[in-house]
Amino acid sequence: MDPLLFWWLVTMAALNILSPPTKTWPLTSSPSALRGGCTGNGATWNCDCRKLTKCAPSPSVVAASEAEDGRKSNSMPSTKLFGLSNSHGSGRKPGPLHAVFPSTPAEVSSVKELFEFICTGPLLDKIGLTSQKIAESIDDWILYGSHLCRLFKLNELYLTEPQKIRIYHYYIPVFLWCEQEISHHSSMFKEEDEIPPLVIGFSAPQGCGKTTLVFALDFLFRINGRKSATISIDDFYLTANEQAKLRESNPDNGLLEFRGNAGSHDLQLSVETLTALGSLTKEGQKIKIPRYNKYAFNGRGDRADPATWPEVEGPLTVVLFEGWMLGFKPVPVEVVKSVDTQLEIVNKNLEAYYDAWDKFIKSWIIIKIHDPVYVYQWRLQAEIAMRNDGKPGMSDEEIMDFVSRYLPAYKAYLPTLYSEGPKGADPNHLLVVEIDEGRNPILGN
């Protein structure tokens, strides 16, 4: 066995025993994990992956059950996409730690194999990564992957193909792009300046996994010693009472009957929150950020009690802002009328959203899908998972009705978002990730 890989496995076992997922561990950029096939002086490395030693499976120590410190059940996205159940915040005490000795060949059995798999990722060209750069930072890839496996309760030696794709072709590349964006943002300020957090916007259809992506990125930022905050456009929905008033004032418009479309958000709350987050540049500064309870009123939702809102403390490095219609901008009236005449007032409402949301965003990630119909199936899967977890949710018929109120906006606004990008977005700071029906990244245009 490669001695370096042996010690990596031992280290990963120790991390699983000794540290909770929220603990920060130093990361290194040296290519030591590939040095069996690399030569160089630390700045320039020439790598031949054929010289990397393949290893046999080694024991890995994993936790039977870990408790997330201070994490509420509704703050962690479902891990059903990994075929897992989510026990965080269940009140269950941590179970015993035990050793698991693999009895069958491991899925990830060598650094060489992992390196080759990473190099086939569809996002590498978009984020400027070459096989050389990957080789030079393979230690980081291994550590990030190990931390994500622990976060999602996966055995890093037995990852399925979809799990490997999600971690090494999606989450880690996007994280590395975000790190590049943060570095560029910081370089725009003088050393003595107070640097405001970079706001990264994530525009992605419902159910495509954006909340889980943001959760994974937030976790990796904390592992890397950065302070980050997450916010969703959902957190700015009107209260249930305000939504009722909106419905009463638009009795013939089904698109404004329930939360979702432009007009159903508290834009003043959006501005106040994003402005306050941007001011968290010093130690000791704290604010509470709003949250929305989707489970209230049988899944129709209401703003959460302010007493339950999470507190964020400065200095923040990055704010991750996500939403299904983030970046949508008004289109000509004839376009919306051709899709659905009810969209005309929604299109008008959308005029106020740039100043409330988009102008705060300096870097953009757009998750692109080929067919908005995917949203219904994804939403159905999410609601079934909620019901299986004992949470109130909508029936299949209610889901169909609910999603049907979003589809007109997707049809009207996604083509422009995909072809032009959000208003004011810098193409040099915009990453488009195309995903398939399984929510995995694919090679796109």
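Structure first, text after, so check above.
Sequence positions are assigned chain by chain, starting from 1 and proceeding in written order. Owing to the predicted nature of the model, reporting of local features is limited to residues with pLDDT of at least 70; listing and counting of side-chain atom pairs is limited to 80 or more, with chain, interface and lining totals taken over all residues. For side-chain calculations, the full set of non-hydrogen atoms in the structure is used, while hydrogens and water are omitted.

### Thoughts on unusual backbone geometry
- A cis amide bond links Gly314 to the next residue, Pro315, at an omega of -5°.
- The residue Pro315 is located in the loop between β10 (311-313) and β11 (318-323) in this model.
- With phi around 60°, Lys153 is a residue other than glycine that occupies positive phi space.
- Each helix is a run of DSSP H or I of at least 4 residues and each strand a run of E of at least 2, with the numbering of both proceeding from the N terminus. Following the sequence through the fold, Lys153 ends up in the loop between α4 (138-151) and α5 (161-187).
- We note that Arg439 has phi near 75°; this positive angle belongs to a residue other than glycine.
- Within the element layout of this structure, Arg439 appears in the segment after β13 (430-434).
- Buried means the residue's accessible area, taken with a 1.4 Å probe over protein chains only, is under 20% of the maximum for its type, while exposed means over 50%, and partly exposed covers the values in between. For Arg439, a relative accessible area of 13% puts it in the buried group.

### Structural notes on the pattern of salt bridges
- Definition used for salt bridges: Asp or Glu carboxyl oxygen within 4 Å of a side-chain nitrogen of Lys or Arg. Scanning all chains against the criterion turns up 15 salt bridges.
- Among the ionic pairs, Glu283 bridges to Lys227, the shortest N-O distance being 3.6 Å. Taken together, the residues Glu283 in the loop between α8 (267-278) and β7 (286-288) and Lys227 in the loop between α6 (210-223) and β6 (228-232) connect sequence positions 56 residues apart.
- For Glu283, a relative accessible area of 61% gives the class exposed.
- Among the ionic pairs, Asp401 bridges to Arg405, the shortest N-O distance being 2.8 Å.
- Judged by relative accessible area, Asp401 falls into the partly exposed class, the value being 29%.
- Assessed through its relative accessible area of 12%, Arg405 is described here as buried.
- Within this structure, Glu257, Asp401 and Arg405 form a network of salt bridges that share partners.

### Some words on the side chain of Ser232
- For Ser232, the location among the structural elements is in strand β6.
- Leaving out residues up to four positions away in the same chain, Ser232 has contacts with Phe321 and Glu322. Working rule for contacts: check all heavy atoms of both residues, and any pair within 4.5 Å makes them a contact.

### Looking at the packing of aromatic side chains
- Only centres within 6.5 Å qualify two rings of Phe, Tyr or Trp (six-membered ring in Trp) as a pair; their planes then separate them into stacked at under 30 degrees, edge-to-face at over 60, and tilted for everything else. Scanning the entire structure with this criterion turns up 14 aromatic pairs.
- With a centroid separation of 5.7 Å and an interplanar angle of 85°, the aromatic rings of Trp324 and Phe328 are classed as edge-to-face. You'll find Trp324 and Phe328 in the same group, each marked buried.
- An aromatic cluster is present here, built from Trp324, Phe328, Phe402, Tyr406, Tyr410 and Tyr413 joined pairwise through their rings.
- In this arrangement the basic side chain of Lys164 is found over the ring face of Phe117, its NZ or CZ atom lying 4.8 Å from the centre. Consider the ring centre and the ring normal. A charge sits over the ring if Lys NZ or Arg CZ is within 6 Å of that centre and within 35 degrees of that normal.

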